[in-house]
Amino acid sequence: MSLIDLSHEISAGMTTYPGLPGPEITPHLTREASREVYAPGVEFAIDSITMVGNTGTYLDSPFHRYAGGTDLAGLPLASVADLPTVVVRCSSRAVTADLLSSVDVRGHAVLLHTGGDRGWGTRAYASDAPYLSEDGARYLVEAGAVLVGIDSVNIDQVTPEGFRPAHSILLAAEIPVLEHLTNLGAVPDTGARLHAAPPPVRNFGTFPVRAYVVV
């Protein structure tokens, strides 16, 4: 058995999605100050982090898109953990239904390996990024996918008009979306099992996860 990490590290000030603030990490209780609280020789650091939910590698619940959708606390654990995976290798920018039609996705977490993560941390990451097309999203719903992830800045094509068909279609079908994955090249096409459980935060739609697969 081996574990393959699919998550980006989170650090203070980092940019995940252009235009959203990076996380702020500050001490709540420093090690020096803790010495006044604990027994001699005992010290702790208690830190605080302020961040938007869309930070690092994160999972979208239906509540992210729909006011009445299932929030992070309402997601069944079985919908985000120990899922059989299929990795789809994508050479074109748009991941379409035609590309997906030859893959058996029923009951699987579908991970779209586009190579978009190569630009992580640079301006190029958000420029002409790979995405799941509208017909591709509809196909995945109809074909029975249970989670969809991508190693790109957004599962949708980012346009000035603000349309987000992939998010809208998948989340309306109660299919969680996992964005900003990395290292999918190390994951076999089939046979791995995905774990990407977020903390159960009530009335919250998106949160970072430590996504990984067990092979």
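Please read these numbers as outputs of a predicted model, since none were measured by experiment. (Residues numbered from 1 in each chain as written. Predicted model: local features only at pLDDT ≥ 70, side-chain atom pairs only at ≥ 80, totals over all residues. Heavy atoms only, no water.)

Q: What exactly am I supposed to notice about the overall build of the protein here?
A: Along the backbone of the protein there are 4 helices and 13 strands. Scaling as 2.2 N^0.38, a compact globule of 215 residues should have a C-alpha radius of gyration of about 17 Å, and the protein matches this with 18 Å. The principal-axis extents of the C-alpha atoms in the protein amount to approximately 65 × 40 × 35 Å. Residues counted as buried form 46% of the 215 residues belonging to the protein. If you take every contact in the protein between residues at least 6 apart in sequence, the share linking residues at least 24 apart comes to 73%. For the protein, the accessible area works out to roughly 10,600 Å², and carbon and sulfur atoms hold 53% of it. Averaging the positions of the 13 positive and the 23 negative side-chain charges in the protein gives two centres separated by 0 Å. (Helix = DSSP H or I, 4+ residues; strand = E, 2+ residues; numbered from the N terminus. Rg over C-alpha atoms; globule rule 2.2 N^0.38 Å. Buried < 20%, exposed > 50% of the residue type's maximum accessible area, 1.4 Å probe, protein only. Contact = heavy atoms within 4.5 Å. Areas by Shrake-Rupley, 256 points an atom, 1.4 Å probe, with all protein chains shown as cover. Lys, Arg positive; Asp, Glu negative; His and termini not counted. Charge placed at Lys NZ, Arg CZ, Asp CG, Glu CD.)

Q: What exactly am I supposed to notice about the sheet that holds strand β10 (residues 177-179) here?
A: Two pairing modes exist for strands in a sheet, parallel and antiparallel, and in both the strands are linked by backbone hydrogen bonds. The strand order β1-β13-β11-β5-β7-β9-β10-β4-β12 describes an open sheet built from 9 strands, whose pairing is mixed. Of all the strands in the sheet, just β1 (3-5) and β12 (206-208) have a single pairing partner and so form its edges. Across the sheet, the mean angle separating the axes of adjacent strands is 30 degrees when strand polarity is ignored. In the sheet, strand β5 (residues 81-89) pairs with strand β7 (residues 109-113) via 5 bridges, with the strands oriented parallel. Paired with Val88 across the bridge in β7 is Leu112. (Pairing = 2+ DSSP bridges. Axes fitted to C-alpha atoms, helices over the stretch in contact; angles between N-to-C directions.)

Q: I tried to follow empty space enclosed by the protein on my own but got confused; where do I start?
A: Empty space among the atoms becomes visible once a probe the size of a water molecule is rolled across them. For the structure shown, the criterion picks out 1 cavity of 30 Å³ or more. Forming the boundary of the largest cavity are Met14, Thr16, Tyr17, Leu20, Pro21, Gly22, Pro23, Val52, Asn54 and Thr55. Classifying every residue of the lining of the largest cavity by side-chain character gives 6 nonpolar, 4 polar and no charged. (1 Å grid on protein atoms, 1.4 Å probe; cavity = no way out; pocket = protein on both sides within 12 Å on 5 of 7 lines; lining within 4 Å. Points joined across faces, edges and corners; volume = space filled by probe spheres on them. Nonpolar A, V, L, I, M, F, W, Y, C, P; charged D, E, K, R; others polar.)

Q: Teacher, can you tell me more about the nonpolar core here?
A: Side chains of a nonpolar character, in soluble globular proteins, are inclined to be buried together. Counting 23 residues, the largest nonpolar core has Leu112, Leu132, Leu140, Val148 and Leu170 as the members making the most contacts within it. When residues of this core are traced back to their parent elements, those giving at least two are β5, β7, α3 (134-143), β9 (147-150) and α4 (165-172). At 4 residues, the largest contribution of residues to this core is made by α4. Look past the residues within four positions of Leu112 in its chain and what remains in contact with it is Val88, Cys90, Val95, Leu100, Leu132, Val148, Gly149, Ile150, Asp151 and Leu184. (Core = buried A, V, L, I, M, F, W, Y, C linked by side-chain atoms within 4.5 Å.)

Q: Honestly, the packing of aromatic side chains in this entry has me stumped. Any pointers?
A: Both the distance between ring centres and the angle between the ring planes are used here to describe each pair of aromatic rings. Evaluated as defined, the whole model comprises 3 aromatic pairs. With a centroid separation of 6.1 Å and an interplanar angle of 65 degrees, the aromatic rings of Phe204 and Phe207 are classed as edge-to-face. Looking at Phe204, the relative accessible area reads 32%, which means it is partly exposed. (Phe/Tyr/Trp six-rings, centres within 6.5 Å; stacked < 30°, edge-to-face > 60°.)

Q: Where do I start with the pattern of salt bridges in this structure?
A: Pairs can form between side chains of opposite charge whenever their charged atoms are close. Tallying each qualifying case throughout the model produces 6 salt bridges. We note a salt bridge from Asp5 to Arg210, for which the minimum N-O separation is 2.8 Å. Placement of the pair is Asp5 in strand β1 and Arg210 in the loop between β12 and β13 (212-214), with a sequence separation of 205 residues. Judged by its relative accessible area of 29%, Asp5 falls in the partly exposed class. Residue Asp189 pairs with Arg89 through a salt bridge whose shortest N-O separation is 2.8 Å. (Salt bridge = Lys/Arg side-chain N within 4 Å of Asp/Glu carboxyl O.)

Q: Would you explain the side chain of Thr114 in this entry?
A: Note on placement: Thr114 falls in the loop between β7 and β8 (131-132). Looking at Thr114, the relative accessible area reads 12%, which means it is buried. Within the structure, the side chain of Thr114 is placed 2.6 Å from the side chain of Asp151, a separation counted as a polar contact. (Polar contact = N/O pair within 3.5 Å; in protein donor to acceptor, adjacent residues only side chain to side chain.)

Q: Help me understand the pairing of strand β11 (residues 190-195) in this model?
A: Remember that side chains alternate between the two faces of the sheet whenever the strand is regular. With 4 bridges joining them, β5 and β11 adopt antiparallel strand pairing. Opposite Pro84, over in β11, you have Arg193 as the bridge partner. With 3 bridges joining them, β11 and β13 adopt antiparallel strand pairing. Each bridged residue has a counterpart across the sheet, and for Leu194 the counterpart in β13 is Val213.

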